[in-house]
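Residue-level structural notes
This is what each chain is made of:
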Amino acid sequence: MQVTSTPLSDVRLVVPKRFGDARGYFVETWNEQAFALNGLERRWVQDNQSLSATPGTVRGLHYQLDPFAQTKLIRVLTGRILDVAVDVRRGSPTFGQHIAVELTAGGLEQLFIPAGFAHGFCTLEPDTTVAYKVDAPYSKECERAILWNDPALGIDWPALAGASVSDKDAVAPRLADATDLFDMRPA
Ligand SMILES: Cc1cn([C@H]2C[C@H](O)[C@@H](COP(=O)(O)OP(=O)(O)O[C@H]3O[C@H](C)C(=O)[C@H](O)[C@H]3O)O2)c(=O)[nH]c1=O
């Protein structure tokens, strides 16, 4: 398993070892010991999966507040996405900064996003299926969103981004207007 850092502290790109043969391949998509050895131990409590039919579907940018803040481990089962994490922790040296990385079914790449980051993606192919583990249960009350195409974030979405967006995501506040964020500043 290969784990690489990203410009956002604690956000990691994970690529599991692929055992290929004439039939195809086998991978361990998650292994408690391997993840713990890389400082990525989490007690996953929920597995999620979404299918997006239209290329250019954008889901996000979402996060949950404490006590249901979530670490997420994202991978693509079919298709391709541009996966984005935005630091929404006031006081963080990278507050408002993001990373954008392509995750593909064929490449087996995974993105490990700790709590404190808003997460979203744009699908790049039809019928893209995304699966992700979370270490806290869904909480509608603690769920928040920031606007996916907030110009201040400077996310270089592909031209097709926004072909399909939920009503909720279309009216999310810009980061500057968001009231409920994480806070790393000293009390
Ligand atoms: C997230 C979630 C949703 N739901 C229900 C609530 C809605 O009735 C329905 C669709 O939810 P939503 O439109 O929020 O789904 P997405 O837009 O794919 O949201 C996800 O997209 C971005 C990329 C994320 O990182 C989040 O994990 C998650 O918010 O599923 C549940 O029952 N459990 C859940 O854990």
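Numbering of residues starts from 1 in each chain and follows the order in which that chain's sequence is written. A pLDDT threshold of at least 70 governs which residues receive local features in this predicted model, and a stricter bar of 80 or more applies before side-chain atom pairs are shown or counted, although totals over entire chains, interfaces and linings include all residues. Derived side-chain values reflect all non-hydrogen atoms in the structure, with water molecules and hydrogen atoms excluded from consideration.

Taking an unreviewed UniProt entry as the reference, the chain is identified by name as dTDP-4-dehydrorhamnose 3,5-epimerase belonging to Azospirillum isscasi. UniProt positions are given in the numbering used here, feature names are shortened, and annotations may be inferred rather than shown by experiment. Note on the chain: under the UniProt heading Catalytic activity (unreviewed entry), the record states "dTDP-4-dehydro-6-deoxy-alpha-D-glucose = dTDP-4-dehydro-beta-L-rhamnose". Quoted verbatim from the Pathway (unreviewed entry) heading of the UniProt record, the comment on the chain is "Carbohydrate biosynthesis; dTDP-L-rhamnose biosynthesis."

1. Topic: the pairing of strand 2 (residues 12–15)
In the sheet, strand 1 (residues 2–5) pairs with strand 2 via four bridges, with the strands oriented antiparallel. Bridge assignment links Gln 2 to a residue of strand 2, and that residue is Val 15. By the convention used here, strands pair only if DSSP detects at least 2 bridges between them. Note on conventions: DSSP H or I runs of at least 4 residues are helices, E runs of at least 2 residues are strands, and numbering of each starts at the N terminus. Joining the antiparallel neighbours strand 1 and strand 2 is a turn of six residues, in which Asp 10 adopts a positive phi near 75°.

2. Brief notes about the packing of aromatic side chains
By convention here, two paired aromatic rings are described through the distance between centres and the angle between planes. Only Phe, Tyr and Trp rings take part, Trp by its six-membered ring, and two of them pair if their centres are within 6.5 Å. Stacked means planes under 30 degrees apart, edge-to-face means over 60, and tilted covers everything else. Scanning the model with the defined rule gives four aromatic pairs in all. Ring centres of Tyr 63 and Phe 182 lie 5.9 Å apart, and the angle between their planes is 55°; on these two criteria the pair is classed as tilted. Here the residue Tyr 63 occupies a position in strand 6 (residues 57–64), and Phe 182 occupies one in strand 16 (residues 182–183), the gap between them amounting to 119 residues. The same class applies to Tyr 63 as to Phe 182, namely buried. For the ring pair Trp 148 and Trp 157, a centre distance of 5.7 Å and an interplane angle of 70° mean the geometry is edge-to-face. For the residue pair Trp 148 and Trp 157, the accessibility class agrees, reading buried in each case. Three labels apply to residues, based on accessible area from a 1.4 Å probe with only protein chains included: buried if under 20% of the type maximum, exposed if over 50%, partly exposed otherwise in between.

3. Here's the deal with the site of the ligand
Residues are classed as near a molecule or strand on a simple rule: at least one heavy atom within 4 Å of it. Close contacts around the ligand come from Gln 46, Asn 48, Arg 59, His 62, Lys 72, His 119, Phe 121, Tyr 132, Tyr 138, Glu 143 and Lys 168, and that covers them all. Polar contacts here mean pairs of N or O atoms no more than 3.5 Å apart (in protein, one a potential hydrogen donor and the other a potential acceptor; neighbouring residues in sequence count only if both atoms are side-chain atoms). Side-chain polar atom of Arg 59 to an oxygen atom of the ligand: 2.8 Å apart, as the coordinates give it. One of the side-chain N or O atoms of His 119 is found 2.7 Å from an oxygen atom in the ligand. Only the protein chains shown count as covering a residue, and every accessible area follows the Shrake-Rupley method with a 1.4 Å probe. In isolation the ligand offers 650 Å² of accessible surface; the protein chains occlude 65% of this area. Cavity: a set of points on a 1 Å grid over the protein atoms alone where a 1.4 Å probe fits but cannot get out. Pocket: an open set with protein on both sides within 12 Å along at least five of seven lines, its lining residues, like those of a cavity, having an atom within 4 Å of a point. Cavities and pockets are treated as containing a molecule whenever more than half of the molecule's atoms lie within 2 Å of their grid points. Taken atom by atom, the bulk of the ligand overlaps the largest pocket. Those elements that place two or more of their residues in the shell around the ligand are strand 5 (46–52), strand 6 and strand 12 (117–123). Under the scheme applied here, ten amino acids are nonpolar (Ala, Val, Leu, Ile, Met, Phe, Trp, Tyr, Cys and Pro), four are charged (Asp, Glu, Lys and Arg), and all others, including Gly, are polar. Class assignment for the residues of the shell around the ligand results in three nonpolar, four polar and four charged.

4. A short note on the environment of Gly 120
Note on placement: Gly 120 falls in strand 12. In this structure the C-alpha to C-alpha distance between Gly 120 and Val 84, which are 36 residues apart in sequence, comes to 5.3 Å. Not counting the four nearest positions on each side in its chain, Gly 120 is found in contact with Arg 59, Gly 60, Leu 61, Leu 82, Asp 83 and Val 84. We call two residues in contact when some of their heavy atoms are within 4.5 Å.

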